[in-house]
Amino acid sequence: MKYMLMMHAPRAGWTNAGIGTWPPEDFKAHIRFMIDFNTELKKTGELVGVEGLAGPEAARVVRAGKRGAPEVTDGPFAEAKEFLAGYWIVDVENTERAYEIAALASAAPGKGGVPLNMPIEVRQVMSAPPVDM
Amino acid sequence: MTEPSRDYTGEHLLRDLAPQVLGAVVRRFGDFSAAEDAVQEALLAAAVQWPEQGVPDNPRGWLIQVAARRMIDHIRSELARRRRDAVVLMHEPPELQVVPAPDDPVHTSLESTFGSAGSARESERDDTLILLFMCCHPALTRPSAIALTLRAVGGLTTAEIANAFLVPEATMAQRISRAKERIRSSGVPFRLPTDRERAERLGAVLHVLYLIFNEGYVSSVGPALQRSDLANEAIRLTRGVHNLLDADGEVAGLLALMLLTDARRLARTGPEGELIPLAEQDRALWDRRAIAEGVALISDALPRGAVGPYQLQAAIAALHDEAARAADTDWPQILALYGLLKRMSDNPMVSLNHAIAAAMVNGPAAGLELLTSLDADKRMAGHYRLDAVRAHLLEMAGDHQAAITHYQAAAGATTSIPERNYLTTKAARLVAGPKGL
């Protein structure tokens, strides 16, 4: 069963209290944690894909305009309280295992090494239908 | 069934030999993990050389020799590494730890595997079974057991397995080596399970084969069509187990179930990959040969006693397959079989199918009545299948409004795209009324 684990970061205070404002050793510890975490997922044979996304400042929303040409606006959705910071796709035995992995990611260390306990949205990737219909 | 490639025979010969060769190499060298790698290399070498140079007279002996040579290379480099360590650590000579003693039973069996004597047959037979029991060991997670079985017993490459499960090759490689590590650390001996553990362990093997079949069968829709190879592979492996244990009714039952289900594969989806329910399938597309084989297997197994869930499911599949038209389906018999199955296994999915059969025999109200007991089942709470079946029975009962609600709920909760499209279409047709049908 494949799941997408989406890591959401709070948008409020992103620029004045976000990861870029942490002391360098805390930032380093966070990055180290993520690298180790991904290495461990590779070793268990569960990692399908992982990507971190560039900050929300550079995000744009695109709609089809005249004759299908891209119409680009700033975004996304300023009212959103959180933004997608990155995601994993894992292939695991069951839902419980996906939750377990999400909880590990959620506890990534933040400022002063305190676990961030970030919300991780867990969504099952669509798959094939069961045998009898 | 059409043969998928012109290398069919050669490839299948290789894959049939894979577990025998691996068994022989493990018996000789005792290191399952390294032996498995060595056999993979030998299989790859054969896949390259045989088409050019022709299949050797003794293909099995050829593969064992090539794999053994790889093993010896591996052991030499291990020894060299340990010797380097030993200089520092003053360990005992490493040879003592690696090379089996001359009176070790592995040597005797090695002679028999290399020779063409009839005595070899027994150990070959056992080797394939031992490997299956090992790869499907309960200590492994299901995804690991599936991957290891396909590689070590099925002779598929890591890349092929990764493709079939749509994960990166590196991930699959890790999953397989993790599984081998797990087998090593849990000290699973290379021998058949004892009589006491046998039933449970065989159950685990059959479950893994069933999962491989499902993975291939259910995903053989639309763009994922090539994955149906997994269903063929599961049938091939189960046929192998059936040949080795032909007196076992559940093995025969599982093989029959696969054949009888797979026979409907072509009729199961439309040109756009859309699902076509059993009642609406074009039965001319069903594979008559597979049905005949499945029916013969299950007819032979059932009267022999010790009827298990796979045999019952195969018997149900046979009743569906034998009906010339959907209206000819022997639902009373199917209802009786689901009743037996329900007593045998506490699986809510069985109860769900039992309710459908009850509706077909005694009318939708009887089916809906049975569904109410599932509402309290925690395992079914909010499960889309319960909504889908309820919607279907409500539609049968003529309560279209309620049917729409449940079709939509089911469509929102399923994790399958073809199934979501199917359920959404069902709801949309009812919303549109008779014009939309």
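In this text, all values refer to a predicted model and were calculated from it rather than measured experimentally. (Residues numbered from 1 in each chain as written. Chains lettered and ligands numbered in written order. Predicted model: local features only at pLDDT ≥ 70, side-chain atom pairs only at ≥ 80, totals over all residues.)

**Section: the overall build of chain A**
Moving on, step 1. For chain A, the helix and strand inventory stands at 3 helices and 6 strands.
Moving on, step 2. Listed N to C, the secondary structure of chain A is β-α-α-β-β-β-β-α-β in terms of helices and strands.
Moving on, step 3. A total of 133 residues make up chain A; the buried ones form 15% of that total. (Helix = DSSP H or I, 4+ residues; strand = E, 2+ residues; numbered from the N terminus. Buried ≥ 20, exposed ≤ 12 C-beta atoms within 10 Å, placed from the backbone.)

**A look at helix H17 (residues 364–375) of chain B**
All names here are of chain B.
Moving on, step 1. Taking 1.5 Å of rise per residue, 12 residues should cover 16 Å, and H17 covers 17 Å from first to last C-alpha, within 8% of that figure.
Moving on, step 2. Restricting attention to buried positions, one finds in H17 the residues Pro 364, Gly 367, Leu 368, Leu 370, Leu 371 and Leu 374. Looking down the long axis of H17, one finds its buried residues gathered within 160° of arc, a one-sided arrangement. Exposed and facing more than 90 degrees away from the buried side of H17 are Thr 372 and Ser 373.
Moving on, step 3. Contacts made by the buried residues of H17 are with helix H16 (348–362) and helix H18 (384–396). (Expected span 1.5 Å × (residues − 1). Arc of directions from axis to C-beta. Contact = placed C-beta atoms within 7 Å.)

**Observations regarding the sheet that holds strand E2 (residues 47–52) of chain A**
Residues and elements named next belong to chain A.
Moving on, step 1. The 4 strands are arranged E2-E5-E1-E6 in an open sheet whose pairing can be described as antiparallel. Strands with a single pairing partner mark the edges of an open sheet, and in this sheet they are E2 and strand E6 (120–124). Mean inter-strand twist for the sheet, computed between neighbouring axes without regard to direction, equals 20°.
Moving on, step 2. Relative to strand E5 (residues 82–91), strand E1 (residues 2–10) runs antiparallel, the two being bridged by 9 bridges. Bridge pairing in E5 links Met 7 to Gly 86. (Pairing = 2+ DSSP bridges. Axes fitted to C-alpha atoms, helices over the stretch in contact; angles between N-to-C directions.)

**Concerning the nonpolar core**
General note: in soluble globular proteins, nonpolar side chains tend to be found buried as a group.
Moving on, step 1. Core analysis: the largest hydrophobic core is formed by 117 residues, its most contacted members being Val21(B), Val25(B), Val39(B) and Ala67(B).
Moving on, step 2. Not counting residues up to four positions away in its chain, the partners in contact with Val21(B) are Val39(B), Ala42(B), Arg60(B), Leu63(B), Ile64(B) and Ala67(B).
Moving on, step 3. Counting 13 residues, the second-largest nonpolar core is a separate cluster that includes Tyr3(A), Leu47(A), Val90(A) and Ala105(A). (Core = buried A, V, L, I, M, F, W, Y, C linked by C-beta atoms within 7 Å.)

**Some remarks on unusual backbone geometry**
Moving on, step 1. The phi dihedral of Asn117(A) is positive, around 50°, even though this residue is not glycine.
Moving on, step 2. Tracing the sequence through the fold places Asn117(A) in the loop between helix H3 (95–106) and E6.
Moving on, step 3. The phi dihedral of Ala306(B) falls on the positive side, at around 50°, and the residue is not glycine.
Moving on, step 4. For Ala306(B), the location among the structural elements is in the loop between helix H13 (288–301) and helix H14 (309–322).

**Side note on the pairing of strand E3 (residues 60–64) of chain A**
Residues and elements named next belong to chain A.
Moving on, step 1. Judged by how many residues are buried, E3 sits mostly at the surface: 0 of 5 residues are covered.
Moving on, step 2. Both E3 and strand E4 (residues 70–74) contribute to a ladder of 5 bridges, which runs antiparallel. Within E4, the position partnered with Val 62 by the bridge is Val 72.
Moving on, step 3. Linking E3 to E4, which pair antiparallel, is a turn of 5 residues; within it Arg 67 sits at a positive phi near 50°.

**Structural notes on H14(B)**
Residues and elements named next belong to chain B.
Moving on, step 1. End to end, H14 covers 20 Å across 14 residues, agreeing with the expected 20 Å (1.5 Å per residue, within 8%).
Moving on, step 2. Across the 14 residues that make up H14, a large majority, 11, are buried.
Moving on, step 3. Buried within H14 we find Tyr 310, Gln 311, Leu 312, Gln 313, Ala 314, Ala 315, Ile 316, Ala 317, Ala 318, His 320 and Asp 321.

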